[in-house]
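# Coordinates in review
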Amino acid sequence: MADGARSLRGSGGGSGGGSPASSPVLGGRGRTAAGGSSPPGHAFRRVTLTKPTFCHYCTDFIWGLAGYQCEVCNFMSHEKCLKNVKIPCSCIAPSLVRVPVAHCFGPPGLYKRKFCAVCRKSLESPAFRCEVCELHVHTDCILFACSDCRQCHQDGHLDHDTYHHHWREGNLSSSARCEFCKKTCGSSEVLSGMRCEWCGILAHAACCVIVPPECTFGRLRNMILPPSCVQLFSRNFSKLHCFRISENLQTESDEDDDVDGSTQGSTKDIQISTDSSKQTLKIFDGNDAVKRNQFRLISVPRIAKNEEVVEAALRAYYINDDQQEYELQTFTQQVLLSDDVINRNDAAEDSNLGSVFRESVPEAWIIRAKPKDEEVIRIYPAWLKVGMAYVSLRVNKDSTVQSVIKEVLPLLGRQTECLQNFKLVEVLMGSKQVQRMVLDNQEPILNRLKDIRKTSIRQMNQTRFYIVENSKSIVQVNLFVGGLPPQLSPEEYTNILKEELAIKTNVVSVSHVYQAQGAVVLQISCFAEAERIYMLVKDTVVNDKPLNAVVIPAVMASKIPQNCCPLLVFVNPKSGGLKGRDLLYSFRKLLNPHQVFELTNGGPLPGFHTFSKVPSFRVLVCGGDGTVGWVLGALEEIRHKLVCSEPSVAILPLGTGNDLGRVLRWGAGYSGEDPYSILVSVDEADDVLMDRWTILLDAEEPAEGAENGIAEPEPPKIVQMNNYCGLGIDAELSLDFHHAREEEPGKFNSRFHNKGVYVKVGLQKISHTRNLHKDIKLQVDQHEVELPSIEGLIFINIPSWGSGADLWGSESDNRFEKPRIDDGLLEVVGVTGVVHMGQVQGGFRSGIRIAQGSYFRVTLLKPIPVQVDGEPWIQAPGQIIISAAGPKVHMLKKSKQKQKKTGSLKEMKVDSTSVSEGGRKGETCVHAYGRYHPGPGKQSADKS
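Here is a short report on the structure shown in this document. Note that this is a predicted model, so its numbers are computed, not measured.

### Things to note about helix H13 (residues 579-590)
- End to end, H13 covers 16 Å across 12 residues, agreeing with the expected 16 Å (1.5 Å per residue, within 8%).
- Burial runs high along H13: nine of the 12 residues are buried.
- Burial in H13 covers these residues: Gly-580, Leu-583, Leu-584, Tyr-585, Ser-586, Phe-587, Arg-588, Lys-589 and Leu-590.

### Considerations on the environment of Gln-433
- Considering the arrangement of structural elements, one finds Gln-433 in the loop between strand S17 (422-429) and strand S18 (434-438).
- The spacing of Gln-433 and Ser-238 is 195 residues in sequence and 7.4 Å in space, taken between C-alpha atoms.
- The contact partners of Gln-433, leaving out residues within four places of it in the chain, are Ala-102, Arg-235 and Leu-428.

### Some words on unusual backbone geometry
- Despite not being glycine, Ala-502 has its phi angle at roughly 55°, a positive value.
- As for its placement among the helices and strands, Ala-502 is situated in the loop between helix H11 (490-501) and strand S21 (508-514).
- Unlike most non-glycine residues, Arg-665 shows phi in positive territory, near 70°.
- One can find Arg-665 in the loop between helix H16 (659-663) and helix H17 (675-684).
- A residue is classified by how much of its surface remains accessible, and Arg-665, at 8% relative accessible area, is buried.

### Considerations on the packing of aromatic side chains
- For the structure on display, the rule yields 17 aromatic pairs.
- Note on Phe-44 and Phe-75: the rings are 6.0 Å apart at their centroids and 80° apart in plane angle, and the pair reads as edge-to-face. One end of the pair, Phe-44, is in strand S2 (residues 44-48); the other, Phe-75, is in the loop between strand S3 (66-70) and strand S4 (76-77), with 31 residues separating them in the sequence. Take Phe-44 and Phe-75: they sit in the same class, and that class is buried.
- Against the face of Tyr-585 rests Arg-129, its NZ or CZ located 3.5 Å from the ring centre.
- Seen from the ring of Phe-295, Lys-282 lies directly overhead, with NZ or CZ sitting 4.7 Å from the centre.

### Some details on the pairing of strand S13 (residues 326-330)
- In terms of burial, S13 is largely enclosed, as five of its five residues are buried.
- Burial of the side chains of S13 extends over both faces: Tyr-326, Leu-328 and Thr-330 are buried on one face and Glu-327 and Gln-329 on the other.
- Note that S13 and strand S14 (residues 364-369) share five bridges and pair antiparallel. Looking across to S14, one finds that Leu-328 is bridged to Ile-367.

### Observations regarding the packing of H13 against H17
- Across the interface, H13 lies against H17 with an axial gap of 10 Å and an inter-helix angle of 65°. For the element pair H13 / H17, the angle class is roughly perpendicular. The chirality of how H13 crosses H17 is right-handed. Between H13 and H17, the residues in contact are Leu-583, Ser-586, Phe-587 and Leu-590 and Pro-675, Tyr-676 and Leu-679, respectively.
- Residue classes in the contact of H13 with H17 are distributed as six nonpolar, one polar and no charged.

Calculation notes
Residues numbered from 1 in each chain as written. Predicted model: local features only at pLDDT ≥ 70, side-chain atom pairs only at ≥ 80, totals over all residues. Heavy atoms only, no water. Helix = DSSP H or I, 4+ residues; strand = E, 2+ residues; numbered from the N terminus. Expected span 1.5 Å × (residues − 1). Buried < 20%, exposed > 50% of the residue type's maximum accessible area, 1.4 Å probe, protein only. Contact = heavy atoms within 4.5 Å. Phe/Tyr/Trp six-rings, centres within 6.5 Å; stacked < 30°, edge-to-face > 60°. Lys NZ or Arg CZ within 6 Å of the ring centre and 35° of its normal. Pairing = 2+ DSSP bridges. Axes fitted to C-alpha atoms, helices over the stretch in contact; angles between N-to-C directions. Parallel < 35°, antiparallel > 145°, perpendicular 65-115°, else oblique. Left-handed = near helix turned anticlockwise from the far one by under 90°. Nonpolar A, V, L, I, M, F, W, Y, C, P; charged D, E, K, R; others polar.

So, in structure tokens, the structure goes:
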């Protein structure tokens, strides 16, 4: 022992008789367990209740003044419930993990009516939650959380095709009912009830043990991308990178890492030590905790036995070993500076750490394991699939890694195998990261255990040893890189990456090129190189445009079940205020996170590339009409590279107008509906067709008889249209709204405020007069159309405009066909000004019907405001040509039985005009204010 240290050793008088391997209960004094049998790992003690308390097993109120509380995890119980408790204590939870998978923690936040999975107390202060599963933990409990997150992909470790239920305790609604006994299993008062995080089945802790272990993924099984079909090598990447969660989340959570075990923990624990007869001690669990200044506070009587203090220190770190095997040491400044492990940092850091141990109250102690001559360790053979969880092996000071392998193989029935074909892997199951390290064959195993315990007692409790068969592992990391100049060759993209990122061509290759979008997919066979490129891309700019990188998984399409049609989800978190962020979290929990993509992180292309080999899939777009148009445009560009070239698209409206969402019955806007119900509605939705239109801006055609020597005109700008295109006053209001939003983007975070701004800019234009009919010329299907006196001209593809208004009107007219979204025709409508637009919005009038056709040419004689699907700009004089854009797009329309019973009259009108009977259009051309039908052979599919 170093000079200046003294030790507190347990006397052993109060220890239980069983060894740690056979008895998970802490040895100690005064414990009571009904019937003499102790529940899994708990250390129950009879306590006097001073406030209303509920049982964590049956969720009923504990009447009287006495109850039983676990001294480690705070589990409360009636005396009658003790013998039935099945939930293991937090101290043994790491040993029960089947497949260690790290959690994906976002930034700390306030979560009402939630409970910590480690200490079981309510989350009254900022806490962490996993972005993939339902785990919630306090900031100072995060280090003790198990690495028991959902396994969402294959990573070359413990891969299997059959998935078991992934149970998570508590944080259920108070109305949750057990699937088997039909009784209430949820509670808002305590952490109670179990839920499978794949299929969503609910059960009591006692009932879930009778459930068949294999999980079928429940009601959403046909929409979930099976984890066995997804492969991702992610050794050097955090879980936030693997699931493409925004970098700002990672930055915020990293800033709080150093708070986990010190400041937050001390604030919570100090409250229990106000009694003058008790003293508060700082406890470190090893050299790593001292270096990071991460300690736990314990409160003990001022006159206490040594073993009581050791036992309290073990409880603080959720250790269930025998307290006789540990001792407490207190250090001075001199000892800290002489310790080799701590002194590897610079002198400035050492001086800061030393200030912790001033001769003042509270005292600081470090808990150490006593040296052992022999020990029993567990060896896990899960990779070998031999049908057993682990084998126990006694090791001594002469045991090396190689001798351990030699002794373990016969126990696994592999005695004929060569020792050189196996290796021993040390796995640290941290809550944030699972770390693996191959041990040297000649390393003494007891020395390794001693080093781990010296570093951290807690880490020893979270460390396993796996015996692994040597195999040549193939590393393949897929990295999507966007923001490159478009329309370049693969060689040119490779040269740019060499110059800007200094990629190593021996381990990096360009596997896919998306020239139109300026993006490539890199295939990297080295973890270190993949991490270097990923971090470097974030700070790289090419042609004044920043690059972006996304880690994408490989989907093994051959493993997808035949009846499975996975749902590809795109969410725009900037739409709908904070609702987009909440939906991202909900969909990641309900589905496989690898099928949920955030549009602000690389756009829709990474998602379509990930699903490019999937034979059949659907798409859900969460955002406004602009977001829907963005995704549909990307789908049109990449369609020829998809095995499923025509996926159906559903909409969850998050924008301001949401006209397309109204027409397809998805509602006027998302208002907090249950995300699970939304997914069920998508699964039951009907497939319909919708026209899309191409708009060529300033497309000049060469005059007849032009000679070959005439210079070619500039290539026209091409825009895709889904809903409507407006010229004049309609586009002018959109442009003013756009400018107001760019000036103060922070204010435009609610649908109500956005509509208020539209009203304000409309009132400012109420006296404005623009003789639009004198500034433009309209040609429909090669025929000139005379325009009435109007201020706005609008081309509509769907029977909803301006947040649900029926601009065309529902009145029958023999001059025109009844509009449909798949009839291959656009309707042309005029408005006379802001007042007219307001009357249309209120449902009192409709627009002026001008024409109906399939090909339009608009000649602009002066600059005029133009907007397409809500995106406005000023268009210079020239030509605008509108024509059908290739094949119709498949959309998903919410089935009628899922439609809300309540709704405004305006929405009912919109819905009634979106469906029509009838097949082939008329073959004659009737001129009624310039209305023309398609010629012979034009047929539309009436599926709306």
